[in-house]
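Commentary on secondary and tertiary structure
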Amino acid sequence: MRYVIPPAATPSLAVEGEAGRFPVRRIFCVGRNYAEHAREMGMDPEREPPFFFTKPADAVVCGGGQLPYPSRTRSLHHEVELVLALRRGGHDIPVAAALDCIYGYAVGLDLTRRDLQTEARQNGRPWDTAKAFDRSAPVSAIVQAARIGHPTRGRIALTVNGELRQRGDLSEMIWAVPEILSELSTLFELAPGDLVFTGTPAGVGPLVPGDRAEADIEGVGRLEISIAV
């Protein structure tokens, strides 16, 4: 295949214990999947069908590290999330078959320009500028489901400069992982390489230049980022 300009590199993530890397195809995110987070955002936490938004694959930052403060915002927020990495996909995937699609799990941060999100929501506009900006998806190394199984409970937390900001349990998800994948597959034909961010617990808040955030999920991994001064 010949191209008229050089093609972009394929975004990828490290895999614990493997020399090979996981190629990232698309990134899907679930909105308001923990009741307390829905409440802190002023929304009803009732179990209505999940909704989704996306980030571009090249928003991934493998392993975290130092990130620049993004442009056009004065309110950058952290959201720690369990991330699913898919090894197979499909359309209209039954709930009972959904876990078979998962290659592994990781810790992710859905970084958000909260002021732009609020403005978009108030005006009925898309969230793209608030959620899909450059380097908005730091993700830890993937740990294979074959090694850890499929976590349904366990501590999910985030600290900023050593202070606990977010803390919850995976069991508190409004929509469980198989339900998320099944519902998402009615809207998109999922494929190997897709990532799915599964929502964040309460306690989201601002990051400013100089901050260091550490996110961890019990049995899955740890992710650290810092915001450049």
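It should be noted that the structure appears before, not after, this text.
Now for a description of the structure that goes with this document. (Residues numbered from 1 in each chain as written. Predicted model: local features only at pLDDT ≥ 70, side-chain atom pairs only at ≥ 80, totals over all residues. Heavy atoms only, no water.)

Let us now look at the pairing of strand β9 (residues 102–109). The element β9 is largely enclosed, with a buried count of 7 among its 8 residues. As defined by bridge partners, strand β8 (residues 80–86) adjoins β9 across 7 bridges and the pair is classed as antiparallel. Opposite Ala-85, over in β9, you have Gly-104 as the bridge partner. Summarising the sheet, β9 and strand β12 (residues 143–144) pair through 2 bridges and their orientation is antiparallel. Each residue of the ladder has a partner; that of Gly-104, found in β12, is Gln-144. (Buried < 20%, exposed > 50% of the residue type's maximum accessible area, 1.4 Å probe, protein only. Helix = DSSP H or I, 4+ residues; strand = E, 2+ residues; numbered from the N terminus. Pairing = 2+ DSSP bridges.)

Another point: the pattern of salt bridges. Applying the stated criterion across every chain yields a total of 13 salt bridges. Of the charged contacts in the structure, one is a salt bridge between Glu-16 and Arg-147, with a shortest N-O distance of 3.8 Å. Of this pair, Glu-16 sits in the loop between β1 (12–13) and β2 (22–23) while Arg-147 sits in helix α4 (residues 145–148), and the two are 131 residues apart along the sequence. The shortest N-O distance in the salt bridge between Glu-224 and Arg-212 comes to 3.7 Å. Of the two residues, Glu-224 is situated in strand β18 (residues 221–227) and Arg-212 in strand β17 (residues 212–217); the sequence distance between them amounts to 12 residues. Exposure remark for Arg-212: the relative accessible area of 34% places this residue in the partly exposed category. Each of Arg-155, Arg-212, Glu-214, Asp-216, Arg-222 and Glu-224 takes part in a single network of salt bridges with overlapping partners. (Salt bridge = Lys/Arg side-chain N within 4 Å of Asp/Glu carboxyl O.)

Moving on, we get to the sheet that holds strand β13 (residues 155–160). Spatially, 5 strands are ordered β6-β18-β17-β13-β14 in an open sheet, and the strand pairing comes out mixed. Taken across any chain shown, the strands that pair with only one partner, and hence form the sheet edges, are β6 (65–67) and β14 (163–169). Between one strand and the next, the sheet's axes are offset by a mean angle of 20°, whatever the strand orientation. Looking at chain direction, β13 and β14 are connected through 6 bridges and run antiparallel. (Axes fitted to C-alpha atoms, helices over the stretch in contact; angles between N-to-C directions.)

Note that all results are geometric; they support no functional claim without further evidence.
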